[in-house]
Structures are given as C-alpha cells and as structure tokens.
Amino acid sequence: MERKYLIVGNWKMNKTPSQSEDLVKKIIDLKTRHGISAHVTIAICPPFTSLDRCAEWLKNTDIAIGAQNLYFEKEGAFTGEISASMLKDLRLTYVIIGHSERRAIFHETDEQIHQKVKIAQASQLIPILCVGETLDERESNRTLTVIETQISHVLEGLTNTNLVIAYEPVWAIGTGKTATPEMAQKVHQFIRELLQKQFGKGSQIIPILYGGSMKPDNAADLLTQPDIDGGLIGGASLVAESFMDIVATKGLSPLDSRKES
Ligand code: 13P
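Thresholds applied
Residues numbered from 1 in each chain as written. Predicted model: local features only at pLDDT ≥ 70, side-chain atom pairs only at ≥ 80, totals over all residues. Heavy atoms only, no water. Core = buried A, V, L, I, M, F, W, Y, C linked by side-chain atoms within 4.5 Å. Buried < 20%, exposed > 50% of the residue type's maximum accessible area, 1.4 Å probe, protein only. Helix = DSSP H or I, 4+ residues; strand = E, 2+ residues; numbered from the N terminus. Contact = heavy atoms within 4.5 Å. Near = heavy atom within 4 Å. Polar contact = N/O pair within 3.5 Å; in protein donor to acceptor, adjacent residues only side chain to side chain. Nonpolar A, V, L, I, M, F, W, Y, C, P; charged D, E, K, R; others polar. Phe/Tyr/Trp six-rings, centres within 6.5 Å; stacked < 30°, edge-to-face > 60°. Lys NZ or Arg CZ within 6 Å of the ring centre and 35° of its normal.

(A) Structural detail: the nonpolar core. Counting residues in each nonpolar core, the largest one holds 68 residues, and the members touching the most others are Leu155, Ile165 and Ile191. The biggest single contributor to this core is helix 8 (residues 181-199), with 7 residues. With near-sequence residues (within four places) excluded, isoleucine 191 lies in contact with Val131, Ile147, Ile151, Ile165, Tyr167 and Ile208. In this structure, Val8, Ala43, Ala166 and Leu209 belong to the second largest nonpolar core, which totals 14 residues.

(B) Representation of the site of the ligand in the model. The full set of residues close to the ligand is Asn10, Lys12, His99, Glu168, Ala172, Ile173, Gly174, Gly212, Ser213, Leu232, Gly234 and Gly235. In this structure, glutamate 168 approaches the ligand through a side-chain N or O atom, which is 2.9 Å from an oxygen atom. Contact between the ligand and serine 213: an oxygen atom at 2.7 Å from a main-chain N or O atom of the residue. In the shell around the ligand, the residues fall into 3 nonpolar, 7 polar and 2 charged.

(C) Layout of the packing of aromatic side chains. Summed over all chains, the structure comprises 3 aromatic pairs. With 6.3 Å between their ring centres and 65 degrees between their planes, tyrosine 167 and tyrosine 210 make a pair best called edge-to-face. Taken together, the positions of tyrosine 167 in strand 6 (residues 164-167) and tyrosine 210 in strand 7 (residues 208-211) put the pair 43 residues apart, joining distant regions of the chain. Like tyrosine 167, the residue tyrosine 210 is buried in the burial classification. Each member of the aromatic cluster is reached from another via a ring pair, and the members are Tyr71, Phe72 and Phe78. Across from the ring centre of phenylalanine 106, 4.3 Å away, lies the NZ or CZ of arginine 102, which sits over that ring.

Any functional reading would require information that these geometric values do not contain.
In structure tokens, the structure reads:
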C-alpha cells in the first residue's frame, strides 16, 4: 500500500461545535474544489465536544478525524476523562498523545503517555505521539538526548507499528518560529533511526510529522525533506484556506519514490 503524506490539523481548545461544523464544511468544500494530490491524507483533530458532529460530516469523505487526548484507563470513576472506547465508538482514526502542552500544563509524564499509547493501540486508534525539546534543551545541545529519552520511555516494550510520531520543538509551537528544514530533518532522521532500532523494517511505515508554526509559505521546504512525512498544524489549521493550502503544497513526490532515491 502506498505511504502517503499525512497533514493533521490540531484545533486545540478552539471552535465551538457550531464553529467546528462551519470549518469542517469549508475544508470538505475546498478539498473538492482544489483536487488535492492523491499522495496526501488529511486528518483533523477538533475538541472532544465537536468530534461527533465533525465525524458525521466526514463520514462519506476520505478525510480522517482524531481526538487530541484520551485517558489510559478503560472506564470507571475518572470524572472528566474520556476513554479509548468512547473515541473508537465515534469512528475516529487518530488520537494525539503527549502533546507538549499536555506535558507542560497538565504535567503528563512519559509513563502516562506510554499507557495512553498502549490503550489507544489496543483500541485500534492510531496514536500521534508528540515529542520535542524546549528552547533551553536545544540551546544546551540536548535535543537528541531529550528526543531519545521521550521515545524510548514512551515506546518501551511496544511492538505495534500502528503509530505516528510528531516532532514538535516546543519553542516553535505557536511562536511563529519554525525549525529550519535542516534542523527538522536532522531530528527526523534521528527519530527514524530510533524507530528502526526498535521495530526493524516495520518502522518504515511509521509517518514522522513536523509540527511548530508550519504555514503555507514554509510547508514546501519542510515537507520535501527526506524524512518529513507530513505536518501537525496548530494555528494555520483553524482557517480552512491556510490549512488546505498546506495540504495542497506543490512538488510533493510520492513518499515511497522519495525514500528510494
Ligand atoms: P502551531 O502550528 O500553532 O505552532 O502549533 C503546532 C502544534 O502544536 C500542533 O500540535
């Protein structure tokens, strides 16, 4: 099966259910009008309260939908939490796990993130596992060590390659500062090697996305790097036109041919 670019919109805590409906309708409409490349898969991750309505709009399209978080217990007395089976029942494909905002603001640990990845995979949801270094970590030359620690702790003992990794340098999120294509490529290549060590040949199907101030005007430079397989888009995914302009980035050759060259 062809490996495709994956462009995911993370709407974070934005859009009421009715605003979400407007946005999803515009995305569907632009996709039809633009005739998007067959080499790209599109996914959106609206807030929990909008998932049901958006999933309904998307059910006859090839645009996928995911959640932004889940809890690692199956069910029970966990007031305010959402389980994997609740998400699966909405026919979601993806769930973002371990976003840096959840790590920093809600103090999620690698151990909890590990549990979340496990329950997501056990429930046939594809985790989009986020990793990334802070500015302080980058400036003290610890980027690769931080990434290696996050990945090795979270993926410890896992064998299921139904997984997406998103490299999101924390200092690039919502700041307008983007990692240069070369900086991003270096980390992506390193992540690819870590995945290869853990999963062997099977790791080749795991998409590695870049996230952090990706916009229509920098998307092409990032997405054409040899180990960048897509994007996790925050701010620019809240406006249908800019999100779909990223999806419609010109010059993306099929991922498989790119890897062979
Ligand atoms: P921005 O695109 O707004 O920088 O956000 C990136 C992000 O955090 C996606 O998960």
